[in-house]
Amino acid sequence: MLQLVVILAAARGCGLLLKYFGQPAVIGEMAAGLLLGPVVFGAIAPEIHAQLFAKESLGGLSALSTVGLVLFMFIVGVELRAPDGVRAQVKAAGWVGVLGVLLPMAAGFAVAPVLHPLAPAGVGFWPFGLFMAAALSITAFPVMARILKDRGLTQTRIGRLALSSAAIADVFAWVMLALVVALAGVGDGTSGLVRTTIGMLLLLALVFGVLRPLYAWLLRRFAPTGEPSQMLLAALLLGALGCAGLTEWLGLHAVFGAFLFGACLPRDDRLLRCLVERLEYIAIVLLMPIFFALAGLNTTADAFVGTGLGALLLVLLAAIVGKVAGGAAGARVAGYGWRESFATGALMNARGLMELIVMKVGLDAGLIGPSLFTMLLVMALVTTVMTSPLLTWFGGRSPDLADPASSRA
């Protein structure tokens, strides 16, 4: 209980502080995890830190954070849909989505030979290199949507383009991450990879061939208003947790199954609103800060000294240049102006919470250790904090990009 009090207080406090400076509250909550780790809290008060977060006491926190991740990714899957007006921008969103993945993937793979010595012993170059490529290609769709909403840009041309492009980009990146984790998690050679691949194909067939029509019928029959009863809500949770457990059993991470199940549900705004009110609030307010705190406990000060600092700067450079250039190149090829193109690239550069989930997947799979985990955490914070200032900088006087507050002034 004391751990939860400290974690929740730190998350809310840092979230309010960052929100005051015009940043999404989730960035402050992520930073709170870093502050509670050994880099800050552990360095200032090592004895208190060791007592509060003793290793033998972290099992319960880990279980709660996993439940939070599963619920969050379930809602993300339910929320995934084509934004309004995307049909008119399919070609442009395709260019931005594809190049917004390929260029950062290329940048991640290019720096992998330099970073590979920091990987845990026994990790081969190809799984590590492919993981770095996937990790640098992620865009935080929920954080981007929050930034656009706060600035009143959701229904602008650039807002719709960025949201639809992020959805396309994340599908590619998550598919690649699943393949990398399957490759890395194989313990018995090719047969293990074949088992995981066949298992995922069967799970996809189950989710979209059986569960999708079944739950669509259940929702039409027992929740015509879009508000499921307690029994139907329990059935939805059974589906999400069951699919999460299946992907975990297949050697992947539980988040993949939860996301797949959410994506198979009908695109109903009433259902989404109800699930957000009943599930997402508790996941985001209580359970996800636990995830951030555990992430912070996995960090190390080695990432900020000596060769670690150089590696951190290399990760930041590859991540920022790859994403901004990739998104801008895609928008430019689609016929957008330079300002709009770089604004799109800046939005695609937001990684936020989704990057932390990718890092956790990589850490659990044994692909990265504490040092690289810390570097990726810092990269996620820096790239997301950069988004709003870059958007304002590239926006200039464009009505599609300017900050409403500055326009009123």
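About the cut-offs
- By convention here, each chain's residues receive numbers from 1 onward along its written sequence.
- This being a predicted model, a pLDDT of at least 70 is required before a residue's local features are given, and a value of 80 or more before pairs of side-chain atoms are given or counted; all residues contribute to the totals for chains, interfaces and linings.
- Hydrogen atoms and water are omitted, and side-chain values are computed over all heavy atoms in the structure.
- Secondary structure elements follow DSSP: runs of H or I no shorter than four residues count as helices, runs of E no shorter than two count as strands, and numbering proceeds from the N terminus.
- With C-alpha atoms as the basis for the radius of gyration, the globule rule is written as 2.2 Å multiplied by the number of residues raised to the power 0.38.
- Each residue's exposure class comes from its accessible area (1.4 Å probe, protein chains only) as a fraction of the maximum for that residue type: buried when under 20%, exposed when over 50%, partly exposed otherwise.
- Accessible surface area values rest on a Shrake-Rupley calculation with a 1.4 Å probe, where residue burial reflects the displayed protein chains alone.
- As used here, the term nonpolar core means buried Ala, Val, Leu, Ile, Met, Phe, Trp, Tyr and Cys residues forming a set that is joined through side-chain atoms within 4.5 Å.
- Residues count as neighbours in contact if any of their non-hydrogen atoms are within 4.5 Å of one another.
- The angle between two axes is taken between their N-to-C directions and runs from 0 to 180 degrees, where each axis is a line fitted to C-alpha atoms and a helix contributes only its stretch in contact.
- Note that the term roughly parallel is reserved for angles under 35 degrees, roughly antiparallel for angles over 145, roughly perpendicular for angles of 65 to 115, and oblique for everything else.
- Crossings are sorted by hand: turned counterclockwise from the far helix by less than a right angle, the near helix makes the crossing left-handed, and turned clockwise it makes it right-handed.
- Three categories are distinguished: nonpolar for Ala, Val, Leu, Ile, Met, Phe, Trp, Tyr, Cys and Pro, charged for Asp, Glu, Lys and Arg, and polar for the others, with Gly belonging to the last.
- Think of a salt bridge as a Lys or Arg side-chain nitrogen and an Asp or Glu carboxyl oxygen that are within 4 Å of each other.
- Pairs of N or O atoms are called polar contacts if they sit within 3.5 Å, as long as, within protein, a hydrogen donor faces a hydrogen acceptor (for residues adjacent in sequence, only side-chain-to-side-chain pairs).
- Given the number of residues in a helix, its expected span is that number minus one, multiplied by 1.5 Å.
- Picture the helix axis, draw a direction to every C-beta atom, and the arc is the one those directions span.
- Classification of ring pairs rests on two measures: the distance between centres of Phe, Tyr or Trp rings, Trp counted by its six-membered ring, which must be within 6.5 Å, and the angle between planes, read as stacked under 30 degrees, edge-to-face over 60 and tilted in between.
- Two thresholds decide whether a charge sits over a ring: the Lys NZ or Arg CZ must be within 6 Å of the ring centre and within 35 degrees of the ring normal.
- Asp and Glu count as negative and Lys and Arg as positive, but His and the ends of the chain are not part of the count.
- The pLDDT score gives, residue by residue, the confidence of the prediction method on a 0 to 100 scale.

1. Details of the overall build of the protein chain
Now for step 1: Within the protein chain, the regular secondary structure consists of 18 helices and 0 strands.
Now for step 2: Taken over the C-alpha trace, the protein chain has a radius of gyration of 21 Å; the compact-globule value for 409 residues is 22 Å, and the two agree within 12%.
Now for step 3: Here the protein chain, with 409 residues, has 55% of them falling under the buried criterion.
Now for step 4: Accessible area of the protein chain: about 17,500 Å², with a carbon and sulfur share of 69%.

2. Considering the nonpolar core
Grouped burial of nonpolar side chains is what soluble globular proteins tend to show.
Now for step 1: Formed by 124 residues in total, the largest nonpolar core has its most connected members in F74, F131, W174, F261, I357 and L376.
Now for step 2: Tallying contributions element by element places helix α9 (residues 157-184) first for this core, with 15 residues.
Now for step 3: Beyond its immediate stretch of four places on either side in the chain, F131 contacts L177, V180, V358, M359, G362, L367, I368 and L376.
Now for step 4: By size, the runner-up hydrophobic cluster in this structure holds 16 residues, among which are L58, L71, L287 and L297.

3. Here we look at the packing of helix α5 (residues 58-79) against helix α16 (residues 352-364)
For any two helices packed against each other, one specifies the crossing angle of their axes together with the interaxial distance.
Now for step 1: With their axes 12 Å apart at the nearest point, α5 and α16 run at an angle of 130° to one another. Taken together, the axis directions place α5 and α16 in an arrangement best described as oblique. Taken as a pair, α5 and α16 cross one another with a handedness that is left-handed. Facing α5, whose interface residues are L69, F72 and M73, α16 presents L353, M354, I357 and K360.
Now for step 2: In terms of residue class, the contact of α5 with α16 is made up of 6 nonpolar, no polar and 1 charged.

4. Description of the pattern of salt bridges
Now for step 1: Evaluated as defined, the whole model comprises 4 salt bridges.
Now for step 2: In this structure, R12 engages E29 in a salt bridge whose closest nitrogen and oxygen atoms are separated by 2.3 Å. Note that R12 is positioned in helix α1 (residues 2-20) and E29 in helix α2 (residues 25-36), a separation of 17 residues in sequence.
Now for step 3: When the shortest N-O distance is used, the salt bridge between K360 and D364 registers 2.6 Å. Of this pair, K360 and D364 both sit in helix α16, 4 residues apart, which is roughly one turn of that helix.

5. Describing the side chain of T299
Now for step 1: Tracing the sequence through the fold places T299 in the loop between α13 (269-297) and α14 (306-333).
Now for step 2: In this structure T299 comes out as buried when scored by relative accessible area, which is 5%.
Now for step 3: At a separation of 2.5 Å, a polar atom in the side chain of T299 contacts the main-chain carbonyl oxygen of G296.
Now for step 4: Here T299 is in contact with L34, P38, V39, P370, F373, T374 and L377, once residues within four sequence places are set aside.

6. As for the environment of L34
Now for step 1: Position of L34 among the secondary structure elements: in helix α2.
Now for step 2: Taking the relative accessible area as the measure of exposure, L34 reaches 15% and is therefore buried.
Now for step 3: The spatial distance from the C-alpha of L34 to the C-alpha of V378 is 8.8 Å, given a sequence separation of 344 residues.

7. Notes on α1
Now for step 1: Taking 1.5 Å per residue, 19 residues should reach 27 Å; α1 reaches 27 Å between its end C-alpha atoms and fits that length.
Now for step 2: Turning to α1, its buried residues number three or more, namely Q3, L4, I7, A11, C14, G15 and L18. Take α1 and look down its axis: the buried residues cluster within an arc of 120°, on one side only. For α1, exposure combined with an orientation more than 90 degrees from the buried face picks out L2, V5, A9, L16 and Y20.
Now for step 3: Taken together, the buried residues of α1 touch α2, α4 (46-52), α5 and α13.
Now for step 4: Looking one or two places after α1, you find G22, whose phi comes out positive at around 85°.

8. Topic: the packing of aromatic side chains
Now for step 1: This structure, assessed with the given rule, holds 11 aromatic pairs.
Now for step 2: An angle of 90° between the planes, with centres 6.0 Å apart, marks the rings of W217 and F222 as edge-to-face.
Now for step 3: A relative accessible area of 42% means that W217 is categorised as partly exposed.
Now for step 4: According to the relative accessible area criterion, F222 is partly exposed, its value standing at 46%.
Now for step 5: Look at W338 and F342: their rings are 5.9 Å apart centre to centre, the planes differ by 25°, and that puts the pair in the stacked class. Of the two residues, W338 and F342 both sit in helix α15 (residues 338-348), 4 residues apart, roughly one turn of that helix.
Now for step 6: Since its relative accessible area comes to 29%, F342 is described here as partly exposed.
Now for step 7: Through a chain of ring-to-ring contacts, the aromatic side chains of W338, F342, W393 and F394 assemble into a single cluster.
Now for step 8: Taking NZ or CZ as reference, R221 lies 5.0 Å from the ring centre of F222, over its face.

9. Comments concerning the side chain of R351
Now for step 1: For R351, the location among the structural elements is in the loop between α15 and α16.
Now for step 2: Despite being buried, R351 has no salt bridge partner; E355 is the closest side chain of opposite charge, sitting 4.1 Å away.
Now for step 3: Those residues in contact with R351 that lie beyond four places of it in its chain are A135, L136, I138, A140, A319, K323, M379, A380, T383 and T384.

10. Let's talk about the environment of V382
Now for step 1: Mapped onto the elements, V382 comes out in helix α17 (residues 370-395).
Now for step 2: Since its relative accessible area comes to 30%, V382 is described here as partly exposed.

11. Structural notes on the confidence of the model for the protein chain
Now for step 1: Taken residue by residue, the protein chain gives an average pLDDT of 84. The fraction at 70 or more is 91%.
Now for step 2: Element-level mean pLDDT values for the protein chain span from 38 in helix α18 (residues 404-408) up to 93 in α4.
Now for step 3: Taken as a whole, residues 402-409 scores under 50 in pLDDT and shows 8 contacts with residues more than four places along the chain or in a different chain.

12. Quick word on the environment of M200
Now for step 1: Inspection of the secondary structure assignment puts M200 in helix α10 (residues 190-222).
Now for step 2: Distance from M200 to M231, taken between C-alpha atoms, is 28 Å for residues 31 residues apart in sequence.
Now for step 3: Apart from residues lying up to four places away in sequence, M200 is in contact with T247, L250, L252 and L260.

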